[in-house]
Amino acid sequence: MQRKNLVIALLAFISISQTACNQSAKTESSAQTSLSGDSIDYRPQYHFSAPKGWINDPNGLIYANGQYHLFYQHNPFGNVWGHMSWGHAVSADLLHWEDLPVAIPEFTNADSVSKTGIFSGSTVVDKGNKSGLCPDGTGDCMVSIYTGNVTKSDVQTNQYQNLAYSTDKGRTWTQYAKNPVLDLQTKEFRDPNVFWYEPQQKWLMAVIKPTDHQVAFYDSKNLKDWKLLSLFGPQGDTTRVWECPSIVQVPIENEPGKSKWVVFVSAGHPQKNYLGMQYFVGNFDGKTFTLDNENPKPIAPAVSNPVDWGKDYYAAIPFNDLPGTQKNPVMIGWLNDWEYANKIPTATFRGAMSLPRQIALRRTPDGLVLVQTPIAGVASLRGTKKEQQNLTLTSQSQTLEKSLDNVYELEVEISPGTAKTVGIRLAKNGSDGPGDEETIIRYVNGKLELDRRKSGNVAFSDRFPSVETAPLKPQNNLVKLRIFVDRSVVTVFANDGERVITDYIFPTKATGAIDLFAEGGTAEFKKITIWPMKSTRP
Ligand code: FRU
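Below or above, wherever it landed, is the structure these notes cover.

Reading the values: rules and limits
Residues numbered from 1 in each chain as written. Predicted model: local features only at pLDDT ≥ 70, side-chain atom pairs only at ≥ 80, totals over all residues. Heavy atoms only, no water. Salt bridge = Lys/Arg side-chain N within 4 Å of Asp/Glu carboxyl O. Helix = DSSP H or I, 4+ residues; strand = E, 2+ residues; numbered from the N terminus. Buried < 20%, exposed > 50% of the residue type's maximum accessible area, 1.4 Å probe, protein only. Pairing = 2+ DSSP bridges. Phe/Tyr/Trp six-rings, centres within 6.5 Å; stacked < 30°, edge-to-face > 60°. Lys NZ or Arg CZ within 6 Å of the ring centre and 35° of its normal.

**Points about the pattern of salt bridges**
Consideration 1: A full pass over the atoms with the stated rule returns 32 salt bridges.
Consideration 2: Note that Glu255 is salt-bridged to Arg363, the shortest N-O span being 2.3 Å. Here the residue Glu255 occupies a position in the loop between strand S14 (243-251) and strand S15 (259-268), and Arg363 occupies one in strand S23 (residues 357-364), the gap between them amounting to 108 residues.
Consideration 3: The exposure class of Arg363 is partly exposed, given its relative accessible area of 28%.
Consideration 4: Notably, a salt bridge pairs Arg452 with Glu468, separated by 3.8 Å at the nearest N-O pair. Placement of Arg452 in the loop between strand S29 (447-451) and strand S30 (467-471) and of Glu468 in strand S30 is noted, with a sequence separation of 16 residues between them. As far as the burial class goes, Arg452 and Glu468 line up, both buried.
Consideration 5: Residues joined in a network through salt bridges with shared partners are Lys311, Asp312, Arg452, Glu468 and Asp503.

**Concerning the pairing of strand S33 (residues 499-504)**
Consideration 1: For S33, the tally of buried residues reaches 6 of 6 residues, placing the bulk of the element in the interior.
Consideration 2: Here S33 shows two buried faces, one formed by Arg499, Ile501 and Asp503 and the other by Val500, Thr502 and Tyr504.
Consideration 3: In this sheet, S33 lies alongside strand S32 (residues 489-494) in antiparallel orientation, the contact comprising 6 bridges. Paired with Val489 across the bridge in S33 is Tyr504.
Consideration 4: The turn linking S32 back onto S33 is made up of 4 residues, and Asn495 within it adopts a positive phi angle of 45°.

**Description of the packing of aromatic side chains**
Consideration 1: Inspection of every chain in the model, using the stated rule, returns 30 aromatic pairs.
Consideration 2: For the ring pair Tyr42 and Phe506, a centre distance of 5.0 Å and an interplane angle of 80° mean the geometry is edge-to-face. Note that Tyr42 is positioned in the loop between helix H2 (21-35) and strand S1 (53-64) and Phe506 in the loop between S33 and strand S34 (511-532), a separation of 464 residues in sequence.
Consideration 3: With a relative accessible area of 4%, Tyr42 lands in the buried category.
Consideration 4: Given a relative accessible area of 0%, Phe506 falls into the buried group.
Consideration 5: Summarising the aromatic geometry, the rings of Trp54 and Trp338 are spaced 5.8 Å apart at their centres and angled 35° between planes, so their arrangement reads as tilted. Residue Trp54 is located in strand S1, and its partner Trp338 is located in the loop between strand S20 (330-335) and strand S21 (349-350); the two are separated by 284 residues in the primary sequence. Each member of the pair Trp54 and Trp338 is classed as buried.
Consideration 6: Taken together, Tyr42, Tyr340, Phe460, Phe464, Tyr504 and Phe506 form an aromatic cluster joined through their ring pairs.
Consideration 7: Lying over the aromatic face of Phe517, Arg425 brings its terminal NZ or CZ to 4.1 Å of the ring centre.

Written out as structure tokens, the structure reads:
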């Protein structure tokens, strides 16, 4: 379904009752009851999820007032999309999050009829009160720039960019009285990503024209008056509407002192009609983004470079104002796919956030590639490790763990040797037969795959059972995998972040076996390490 239709359909669903909000909450809580038959708790233990209800995109990611802030698209009244508001959590380390009350709720407009939904956007600290919104020039006043999605009788009428500000560390927010600040009188204009552009002492906004497949760049000196600078696109994947743009300067890790600008856009996916993110490498002069001749060659015509090759990583944006010790950008993305997002089989919560990913560019024989690694602090969540070395398998399987809680990190270094296929079966239950439940990560024909077709509950949507495929070359004959399993979330970082696959799985048991296997020849697992992971839940 086109995103626009999805929005309209969901708005229709949410509008079940005009009379009162709690009426629709009732409807949604009965939807929760019918979904609460899960035999196990799918809530991730070291990935962020909302205390209750629906989440989608991360919003307003910023380090401000000595804390990391994660705002997010949230339905405070139910576990399907609707009543879009900004949820809020804060953290000292990007891993342990403290849940705070809803920061910016959906509101009814002055006409008492139409409503403004708080769609995706970003947050900045207005040092020196350039906007004039911050009394007494408070140094740490936060300003959020978000899309107001206006609906009248549940029919969408407009999408424009609004401001809200907070002088108490993001706890309470005031809407700017003269909103909107940027209005093209259209229904498709959203997701402003704003940051301070130091070289020209101004704010920059990347905002999307979804159906035109264009990122529009604007600048402003005061966050209120915005001037169009340039447009980027259409480019790369235009099979679906574009959403959630950002532009960020990214260091080249093996060329110290060098960097490129990277544009991120949420859009289509290498597999037809799914959603994912793509990136473009180029240069930016404070006005125009130009594709570099070093922009990695697209994997296939009309497809650009996917950020993540799985189905469940979308709408990621970078943090603003990271502390000086953090030299590389850090991004968080929403774990889900609009193709089935409202149906995933969880009850009290629905949706989660990725681990924070540090990003860099790496020069490889194939040109520059985006590399993503979980932030270093993730290693502090590891429990006591189990290690094994030099395990050779010839056309056979071996059980590594018989029954392990599905909350762990597994690191393997594989020399594929003569094996046609080599890999790992996770969250495996059954009697070693065709009916087994398992999630397979395999390396075959120069490709890394994640196969979730038999991962457990896959029947809730015919779009869910799938095999993800990413091209991957061994490095010095080795395939290196860091695999994070967190109940329903699996993320594979391959070859130090050169490829990432993120997918939900819904196994029917909370524990499962891990098997290693080689087919059609001999492969060697040079190093295998497993760590149980500590919960970061509040
Ligand atoms: C992306 C998105 C954004 C929009 C928000 C609404 O997932 O569709 O474009 O602002 O979600 O919740």
